[in-house]
Amino acid sequence: MKAARIHAYGAIDDIRIEDVPEPVPGLDDVLIRVEAAALNPMDNKLLAGYLKDFFPLAFPYTLGTDLAGTVVATGPLVATVRPGDRVIARTDPASGGAFAELAAVPARLVVPMSADLPLASLAGLPTAAASAWQALFEAGAVQPGQSVLIHAGAGGVGSFAVQLAKRAGAHVTATASAANLDLVRSLGADGVIDYRNQDFTAFATGLDLVIDTIGGETLERSLGIIRRGGKLIGLSAPFDTEGPKARGIDAQFLFHQSDAGRLAAVAALATDGRLQSVIGQEFALADTVEALRSLSKGGARGKTLLMV
Ligand SMILES: NC(=O)c1ccc[n+]([C@@H]2O[C@H](COP(=O)([O-])OP(=O)(O)OC[C@H]3O[C@@H](n4cnc5c(N)ncnc54)[C@H](OP(=O)(O)O)[C@@H]3O)[C@@H](O)[C@H]2O)c1
């Protein structure tokens, strides 16, 4: 089968599309024929070795964590899905394996999907939607009526976070560039801010919760518009949380880990049509290098997919 692999930490151009042996499912694994896989900024971070303390890679390593496809075979201990079932899955980042024609994934990381949804459109859910869920409902503990600012509302995480926050009854403001303001409004944002041409701190104050996938100056300046007792959940990189605490702000870095419960929660919403996936660009598996290069330039609109 074909797989997008690396043989050492390196750069996007080091990725090779190779013919490799088909994975053999272990006792508790599900073998999935991948229909689509979704890219995440984490793929580039894993490849570069930035996350090797958390997710040490064994080489050769097949990239990719998020996928949608059909079950081909199961290990003898698997009771949750059967061959022919349509599923989505998030592999452990240290194992990867989604950017390939077949992937063997532990059954606890696989969620069955109903037959009437276009599978490929669901491939973007696992990391981005589940991270948005964790940020809002677990770390952020969002409540109806609260004011929430979501940075990068048109991005992978942001496009799901806007919808989930709105569904939770929050008043949602989101930042995006001018070309994406209508998209973010259509996802449910009550207010939108063109972050390139407007100072977001001039449009919001006394916020209950900020979800920040940008970090740096955006994160620092966000602290100034959160009420005492409010929360900031940062996802881009670890940051100092003691300074905000001294100002009465509960600031946390969120580190998303694969979790079947969260994945099932977002899958259920998608199945009912209550959570849409915004699909920006689609590439072929053979064009993984081009796809990751495009993602690394920034400006992604929703999710970028590899159609396998
Ligand atoms: N900690 C965790 O567990 C975790 C989990 C998931 C993601 N993440 C991290 O979160 C970050 C975002 O992930 P993602 O999948 O959402 O990425 P993405 O889809 O690539 O997000 C790109 C979006 O960022 C927007 N953007 C860029 N600069 C901005 C700024 N200054 N203000 C507002 N929006 C800006 C762009 O908007 P425009 O095109 O409109 O300019 C684009 O829509 C990445 O660093 C990722 O690694 C961390």
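Reading the values: the criteria
- Residues numbered from 1 in each chain as written.
- Predicted model: local features only at pLDDT ≥ 70, side-chain atom pairs only at ≥ 80, totals over all residues.
- Heavy atoms only, no water.
- Helix = DSSP H or I, 4+ residues; strand = E, 2+ residues; numbered from the N terminus.
- Polar contact = N/O pair within 3.5 Å; in protein donor to acceptor, adjacent residues only side chain to side chain.
- Contact = heavy atoms within 4.5 Å.
- Domains from an automatic or database assignment.
- Buried area = accessible area lost by both parts, 1.4 Å probe.
- Salt bridge = Lys/Arg side-chain N within 4 Å of Asp/Glu carboxyl O.
- Nonpolar A, V, L, I, M, F, W, Y, C, P; charged D, E, K, R; others polar.
- Near = heavy atom within 4 Å.
- Areas by Shrake-Rupley, 256 points an atom, 1.4 Å probe, with all protein chains shown as cover.
- Buried < 20%, exposed > 50% of the residue type's maximum accessible area, 1.4 Å probe, protein only.

The name an unreviewed UniProt entry assigns to the protein is NADP-dependent oxidoreductase, from the organism Rhizobium indigoferae.

J.: Help me out: how do you make sense of the side chain of glutamate 18 in this one?
T.: You can see glutamate 18 is positioned in strand 2 (residues 16-19). A distance of 2.7 Å separates polar atoms of two side chains, one belonging to glutamate 18 and the other to arginine 5. Not counting residues up to four positions away in its chain, the partners in contact with glutamate 18 are Met1, Lys2, Ala3, Arg5 and His7.

J.: In this structure, what is going on with the domain arrangement of the protein? I would like to understand it.
T.: It is common to report an interface's size as the accessible area lost on association of the parts. As far as domains go, the protein holds domain 1 (2-124 + 277-307) and domain 2 (127-253). Each of domain 1 and domain 2 was reduced to a C-alpha centroid, and the two centroids are 28 Å apart. Of the residues lining the interface, 12 residues belong to domain 1; the matching set on domain 2 comes to 13 residues. Approximately 900 Å² of surface area, both sides summed, lies buried where domain 1 meets domain 2, with 49% of it carried by carbon and sulfur atoms. Taken together, the links from domain 1 to domain 2 amount to 0 salt bridges. Across the contact surface, domain 1 and domain 2 share 5 residue pairs in polar contact (both at pLDDT 80 or more). Among the residues making up the side of domain 1 that touches domain 2, the classes are represented as 2 nonpolar, 5 polar and 5 charged.

J.: I'm lost on the environment of serine 294 in this one. Help?
T.: Inspection of the secondary structure assignment puts serine 294 in helix 8 (residues 288-296). Ignoring any residue separated from it by four or fewer positions in sequence, one finds serine 294 in contact with Gln281 and Phe283.

J.: Explanation requested: the site of the ligand in the structure shown.
T.: Close contacts around the ligand come from 25 residues, with Ser177, Tyr195, Leu254, His256 and Ala300 the closest. Within the backbone of glycine 156, a nitrogen or oxygen atom sits 2.7 Å from an oxygen atom of the ligand. Here leucine 235 contributes a backbone N or O atom positioned 3.0 Å from a nitrogen atom of the ligand. Relative to its unbound accessible area of 940 Å², the ligand is 84% covered by the protein chains. Of the residues in the shell around the ligand, the class split is 13 nonpolar, 10 polar and 2 charged. Per-domain counts for the shell around the ligand show at least three residues from each of domain 1 (2-124 + 277-307) and domain 2 (127-253).

J.: Looking at this structure, how should I read the environment of alanine 79?
T.: Within the secondary structure, alanine 79 sits in the loop between strand 5 (66-74) and strand 6 (86-90). When the C-alpha atoms of alanine 79 and aspartate 28 are compared, they prove to be 9.0 Å apart, with 51 residues separating the residues in sequence.

J.: Where do I start with the pattern of salt bridges in this structure?
T.: Pairs can form between side chains of opposite charge whenever their charged atoms are close. What the rule picks out here adds up to 11 salt bridges. As a salt-bridge pair, arginine 5 and glutamate 18 come within 2.7 Å of each other at their nearest N and O atoms. A residue pair is termed long-range when its members are at least 10 positions apart, and arginine 5 in strand 1 (residues 2-6) and glutamate 18 in strand 2 qualify at 13 residues. Residue classification places glutamate 18 among the buried residues on the basis of a relative accessible area of 18%. The shortest N-O distance in the salt bridge between aspartate 272 and arginine 274 comes to 2.6 Å.

J.: Hey, could you run me through helix 2 (residues 125-139) in this one?
T.: Structurally, the α-helix is built with 3.6 residues per turn, so residues lying three or four positions apart point the same way. Helix 2 sits mainly inside the fold: 12 of its 15 residues count as buried. All buried positions along helix 2 are accounted for by Leu125, Pro126, Thr127, Ala128, Ala129, Ala130, Ser131, Ala132, Gln134, Ala135, Leu136 and Ala139.

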